[in-house]
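The lines below spell out each chain.
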Amino acid sequence: MNKFVKGIAVAGLATAMSQAAIAACGDVTVAEMNWASAEFMANVDKIILEEGFGCTVELIPGATMTTFASMDTKGVPDVAPELWTNSLTAPLAAALASGSMHKLNGMPIIGAGEGWFAPGFTLENNPEIKTVLDLIERPDLFPHHEDPSKGAFYGCPAGWGCQLTNNNLFRAFDMEAKGWLLVDPGSAAGLDGSIAKAADRGNNWLGYYWSPTALAGKYGLVKLDWGVPFGDKDHWDNCLTQAECAEPQKTAWNFSEVNTIVTDSFMKNNDPKAAAYFGKRVFPADAMGAMLVYMGDNQAGGEDAAIEFLLNYEDVWSQWVGVQAANLIKKSLN
Amino acid sequence: MELFDEFPSMGRTDLRDLKKGIDFAFRDFSRENGEAIENFFDPLMYFMVWFEKLLLAAPWPIMIIIFAVLAWLGARSIPIVIGTVASFMTIGWFGMWEDTMATVAIISVATALCIGLGIPLGILMSRSNRMQSVVTPVLDIMQTIPSFVYLIPVVMLLGIGKVPGLIAVCIYAIPPIVRLTNLGIRLVDKEVLEASEAFGSSYRQKLFEVQIPLALPNIFAGVNQTIMMALAMVVIASMIGVKGLGVPVLRAVSNQYLALGLMNGLAIVALAVIFDRVSQEYGKRLQKHRQGGHGA
């Protein structure tokens with residue numbers, strides 16, 4: 001009996017001490033989406049919140065639509081680290097306006113989204129090329145194997161929604177007249193294969209891709225600046241993404257909104273330091289790419305990747321948390 | 001007991017290292033030799049590009065006349081010629097002319113390549129039992145291995161486009177011609193061979209004047225099957241960037257466009273039926289001629 005009481009007292013004392021060291025954080029549920037980058041981010045958040053801020057974190061598997069619906073109606077999970085919200089614009093705006101949700105970070109991953117990509121070495125070797133506008137003047141850098149007098153632009157595989165957009169942008173930038181051929185890679189495997197082949201041999205490659213992806217990380221693909229602003233949302237929705245688009249206009253690719261969203265109860269009940277952390281937590285493109293490659297090469301899950309990231313990218317994540325939390329996290333890793 | 005509960009598998013790390021080792025070895029091989037292999041296939045590629053451009057550039061009435069003449073030369077049958085013309089007219093009317101020409105181009109080259117490689121290989125196989133025991137399992141692999149398994153290395157080596165598409169088609173389509181050539185020659189009557197030997201025919205005469213002519217029905221069945229299987233691969237080839245009827249089929253499949261898929265699918269079927277009837281009739285006719293010669 002005595003022992004038991006002592007045990008409780010010791011446990012209580014320990015809790016009190018740790019709470020003295022770090023303010024109360026409480027229980028947090030974090031959505032772990034079903035793709036690699038989100039799995040990785042959720043696990044980074046879990047370790048940082050638990051070790052750095054003393055929260056108790058539970059990961060809840062989810063997908064974009066289901067997680068958002070659950071946060072909206074039930075307030076669970078508390079945090080969606082990587083929520084792609086282009087398809088949720090209206091309901092998200094309503095939730096933000098009513099105060100039931102808060103957007104803590106509007107760009108948790110640099111360079112996330114769709115667009116036109118080229119390997120990093122292409123840009124390094126041709127420093128005069130800064131944007132898509134510069135690049136489309138140089139079809140000679142990207143000779144098509146079947147007709148070397150033309151430049152090859154790898155579009156989106158047949159049947160994907162992005163195929164129409166790419167075809168229209170190809171026309172908008174008047175690329176045929178400039179000596180380009182739009183190559184249909186046929187499938188995701190074809191598109192990936194064409195990148196792998198070009199990058200492995202140090203050949204230039206230009207085409208449609210998206211990020212964050214292991215392939216973009218592995219081959220150092222860089223999302224190109226367009227050199228023109230994103231034009232008109234209406235034109236994008238009603239012309240560029242449609243099969244019939246009489247006069248496509250030059251524009252950047254529609255910005256892919258990626259947000260870190262939390263529920264109102266998280267803001268009210270949890271440590272404000274945790275909320276501040278989410279605001280600062282921005283993954284640089286190369287770090288994210290490297291971690292996705294790590295996951296692919298080693299068939300590692302999100303947790304392994306998170307530990308790997310915390311071990312190797314201290315200069316990145318220590319900016320997101322205070323010195324005290326950083327020390328606690330570092331200690332936990334050893 | 002533990003031994004029986006769990007299969008004694010290779011450790012996870014070892015397995016991963018093995019897979020990585022294979023992947024890296026292939027990548028190094030591709031870096032080292034990809035360029036050379038690509039250059040080796042370049043003449044073939046330029047021929048295919050030229051051939052496709054030729055079919056696309058030729059005025060459609062001339063193309064239809066050529067198809068009709070070819071059908072007549074092959075089949076010598078008015079209904080088949082009418083059917084051929086009607087099919088191509090319908091295909092053109094539904095706006096699938098260009099895709100169909102692209103498909104005809106790659107299928108013709110693929111079939112010619114398969115026949116050119118397959119018949120000699122089949123003859124070699126029929127000459128030697130050891131050769132047969134080596135080639136047969138290889139053909140089994142080619143016919144059963146899921147196509148994407150070999151498409152990935154082919155694409156990494158040669159990129160996407162016509163040549164990798166051609167290789168993919170041929171890997172799948174060459175086995176029947178090899179098998180049936182081998183079978184046809186092996187099935188030639190021993191007595192007939194003995195008779196030809198008794199007449200003093202040389203090895204070469206025996207092969208070209210006795211065995212191959214008598215094996216022709218089987219060889220033609222092989223040619224026919226090869227064409228059919230090549231057409232069946234049109235959609236798969238489109239997945240690695242080959243233009244043609246496969247592209248709209250892929251688009252239809254991923255968007256549930258029923259009519260688009262059906263129309264282009266049926267155009268592939270129409271090509272298959274034409275090729276099939278013409279080549280079968282041609283084979284039969286060759287056979288009839290031989291038999292007629294025999295009887296006289």
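All of these numbers come straight from a predicted model, not from anything done at the bench.

Cut-offs used in this document
Residues numbered from 1 in each chain as written. Chains lettered and ligands numbered in written order. Predicted model: local features only at pLDDT ≥ 70, side-chain atom pairs only at ≥ 80, totals over all residues. Helix = DSSP H or I, 4+ residues; strand = E, 2+ residues; numbered from the N terminus. Buried ≥ 20, exposed ≤ 12 C-beta atoms within 10 Å, placed from the backbone. Contact = placed C-beta atoms within 7 Å. Domains from an automatic or database assignment. Nonpolar A, V, L, I, M, F, W, Y, C, P; charged D, E, K, R; others polar. Core = buried A, V, L, I, M, F, W, Y, C linked by C-beta atoms within 7 Å. Expected span 1.5 Å × (residues − 1). Axes fitted to C-alpha atoms, helices over the stretch in contact; angles between N-to-C directions. Left-handed = near helix turned anticlockwise from the far one by under 90°. Pairing = 2+ DSSP bridges.

A few points about the overall build of chain A
In terms of regular secondary structure, chain A is built from 16 helices and 11 strands. The principal-axis extent of the C-alpha atoms belonging to chain A is close to 90 × 45 × 30 Å. Across the 334 residues in chain A, those meeting the buried criterion constitute 41%. Contacts spanning at least 24 positions in sequence make up 76% of the contacts within chain A whose residues lie at least 6 apart.

A few points about the overall build of chain B
Each helix and strand in chain B was counted, giving 13 helices and zero strands. Sequence-ordered secondary structure for chain B, helices as α and strands as β, is α-α-α-α-α-α-α-α-α-α-α-α-α. Seen along its three principal axes, the alpha-carbon backbone of chain B occupies a region of about 75 × 55 × 45 Å. A burial count over chain B gives 36% of its 296 residues as buried. A fraction of 76% describes how many contacts in chain B between residues 6 or more apart in sequence connect residues 24 or more apart.

Observations concerning the domain arrangement of chain A
Buried accessible area, meaning the area lost when the parts come together, often serves as the stated size of an interface. All names here are of chain A. In terms of domain boundaries, chain A breaks down into domain 1 (26-111 + 257-333) and domain 2 (113-240). Using only C-alpha atoms to locate each centre, domain 1 and domain 2 end up separated by 31 Å. Across the boundary between the two partners, domain 1 contributes 12 residues, which contact eight residues of domain 2. Contributions of two or more residues to the side of domain 1 that touches domain 2 are made by α2 (36-53) and α13 (285-298). Here the element with the most residues in the side of domain 1 that touches domain 2 is α13; it accounts for eight residues. Across the side of domain 1 that touches domain 2, the residue classes tally to eight nonpolar, four polar and no charged.

Points about the interface of chain A and chain B
Each partner contributes residues to the interface: chain A has 21 residues there, and chain B has 27 residues. Residue contributions to the side of chain A that touches chain B peak at seven residues, all from helix α8 (residues 188-200) of chain A. Taken together, the residues that form the side of chain A that touches chain B break down as six nonpolar, nine polar and six charged.

Remarks on the nonpolar core
Within the largest apolar cluster, 102 residues are counted, with the highest numbers of intra-cluster contacts made by I106, A110, A168, V169, A173 and M233 of chain B. The element contributing the most residues to this core is helix α8 (residues 162-186) of chain B, with 13 residues. Sequence-distant contacts of A168 of chain B, that is, excluding residues within four places in its chain, are made with S147, L151, V154, M233, I236, A237 and I240 of chain B. By size, the runner-up hydrophobic cluster in this structure holds 49 residues, among which are A38, V44, M291 and L328 of chain A.

As for helix α7 (residues 147-158) of chain B
Taking 1.5 Å of rise per residue, 12 residues should cover 16 Å, and α7 of chain B covers 16 Å from first to last C-alpha, within 8% of that figure. By the burial criterion, the buried members of α7 of chain B are L151, V154, V155, M156, L157 and L158 of chain B. Here the buried face of α7 of chain B lies against α8 of chain A together with α2 (12-57) and α8 of chain B. With its phi angle positive at about 80 degrees, G159 of chain B sits one or two positions after the end of α7 of chain B.

Focus on unusual backbone geometry
Keep in mind that most residues, glycine aside, have a negative phi and that most peptide bonds are trans. A cis amide bond links V76 of chain A with the next residue in sequence, P77 of chain A, at an omega value of -5 degrees. Structurally, P77 of chain A can be placed in the loop between α3 (64-74) and β3 (79-84). Of note, the bond from S211 of chain A into P212 of chain A is cis; its omega dihedral lies within 30 degrees of zero at 0 degrees. Of note, the phi angle at D174 of chain A is positive, near 55 degrees, even though the residue is not glycine. Counting through the fold element by element, D174 of chain A comes out in the loop between α7 (161-172) and β8 (180-183). Note on D174 of chain A: 12 C-beta atoms within 10 Å, which makes it exposed. A positive phi angle, close to 50 degrees, is found at R76 of chain B, a residue other than glycine. Residue position: R76 of chain B is located in the loop between α3 (60-75) and α4 (78-93). Exposure remark for R76 of chain B: the 13 C-beta atoms within 10 Å place this residue in the partly exposed category.

Quick look at the packing of helix α6 (residues 129-144) of chain B against α8 of chain B
Residue and element names in this part refer to chain B. Orientation of α6 relative to α8, taken along the N-to-C sense of each, is 145 degrees, at an axis distance of 8 Å. Every pair of crossing elements has a handedness; the one defined by α6 and α8 is left-handed. Judged by residue contacts, Q132, V135, L139, M142 and Q143 of α6 engage I171, Y172, P175, V178, R179 and N182 from α8.

Some details on the pairing of strand β11 (residues 258-263) of chain A
All names here are of chain A. Within β11, six of the six residues are buried, which leaves the element mostly enclosed by the surrounding structure. Across the two faces of β11 the burial is the same, with V258, T260 and V262 and N259, I261 and T263 all buried. Direction of pairing for strand β4 (residues 101-105) relative to β11: antiparallel, over a ladder of four bridges. Paired with N105 across the strands is T260, a residue of β11.

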